[in-house]
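Listed here are the chains, written in short residue letters.
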Amino acid sequence: MFRYTHRYPGGRVRTTTRTLLICMALLTVTVAGVADAFDDEPFAAHEIMAGYLFNFPNFVTWETDAPQPTAAAITFCSSTSNLVVDALQPLLDGELIDGKPLRYRTVSSLAAAGGCQVLFIEGGSDPLATDNLGALPDQPILTVSNQAGFARRGGMIELARKENRIHPIINVDAARGAGIQINSRLLRLATIVRTGAQ
């Protein structure tokens, strides 16, 4: 699992959310991890997933001619509180991407996800996990889940556990079909699947 800490003068070690963001940014650029140089405790899986979610907008382009108008903010959405969302929300406070503030809101259904740029579907008790993704509004919404098989069923990014790491699986057909372009640096890190492929 990816690990990192910040070392303070005098040898004191403290894990910080800011450090997690830096680590996730590095992780999405290169496969090489820098964790092994540090004798720290690992981040939990949900913290790493939150770091991925936070950084995805840096590697995604929402096409301007897609049905959703240019948004004044980048909005992350989910239907329920869960460990990933709880770790994500503090990271959004006061942050900007391309000059746009980051927001979070809850949605009651896929049909209510209009205006979301990133939609996280938790693979456990999330009521959206059993919904048909075809119910999403005709807008470029990046769909992300930790549910097994999510990408092969038409979701865009699946955050899967692989050899004690969190590994992205990306359905490029689903993303392109929704008017979303994913940066090649992230694609090189991920496993690529196609809609309907076995």
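For the structure itself, look to the data block above.
All values derive from a computational prediction rather than experimental measurement.

J.: Can you help me understand the environment of N58 in this one?
T.: As for its position among the elements, N58 is in the loop between α2 (45-55) and β3 (60-62). The exposure class of N58 is partly exposed, given its relative accessible area of 40%. Put simply, N58 and N183 are 125 residues apart on the chain and 8.6 Å apart in space, counted from C-alpha to C-alpha.

J.: Would you explain the environment of E47 in this entry?
T.: Here E47 lies in helix α2. The partly exposed category is assigned to E47, whose relative accessible area is 27%.

J.: Honestly, the sheet that holds strand β10 (residues 165-171) in this entry has me stumped. Any pointers?
T.: Read across the sheet, eight strands follow the order β5-β6-β4-β7-β8-β9-β10-β12 without closing on themselves; strand pairing throughout is mixed. If you trace the sheet from one side to the other, it starts and ends with β5 (96-97) and β12 (191-193), each paired once. In the sheet, strand β7 (residues 118-121) pairs with strand β8 (residues 142-145) via four bridges, with the strands oriented parallel. Directly across from V118, in β8, lies its bridge partner L142. Packing against the sheet, α2 makes contact with β4 (74-78), β5, β6 (100-106), β7, β8, β9 (157-162) and β10, and its axis sits at approximately 40° to β10. Seen against the sheet, helix α3 (residues 83-92) touches β4, β6 and β7 and runs at an angle of roughly 150° to β6.

Calculation rules
- Residues numbered from 1 in each chain as written.
- Predicted model: local features only at pLDDT ≥ 70, side-chain atom pairs only at ≥ 80, totals over all residues.
- Heavy atoms only, no water.
- Helix = DSSP H or I, 4+ residues; strand = E, 2+ residues; numbered from the N terminus.
- Buried < 20%, exposed > 50% of the residue type's maximum accessible area, 1.4 Å probe, protein only.
- Pairing = 2+ DSSP bridges.
- Contact = heavy atoms within 4.5 Å.
- Axes fitted to C-alpha atoms, helices over the stretch in contact; angles between N-to-C directions.

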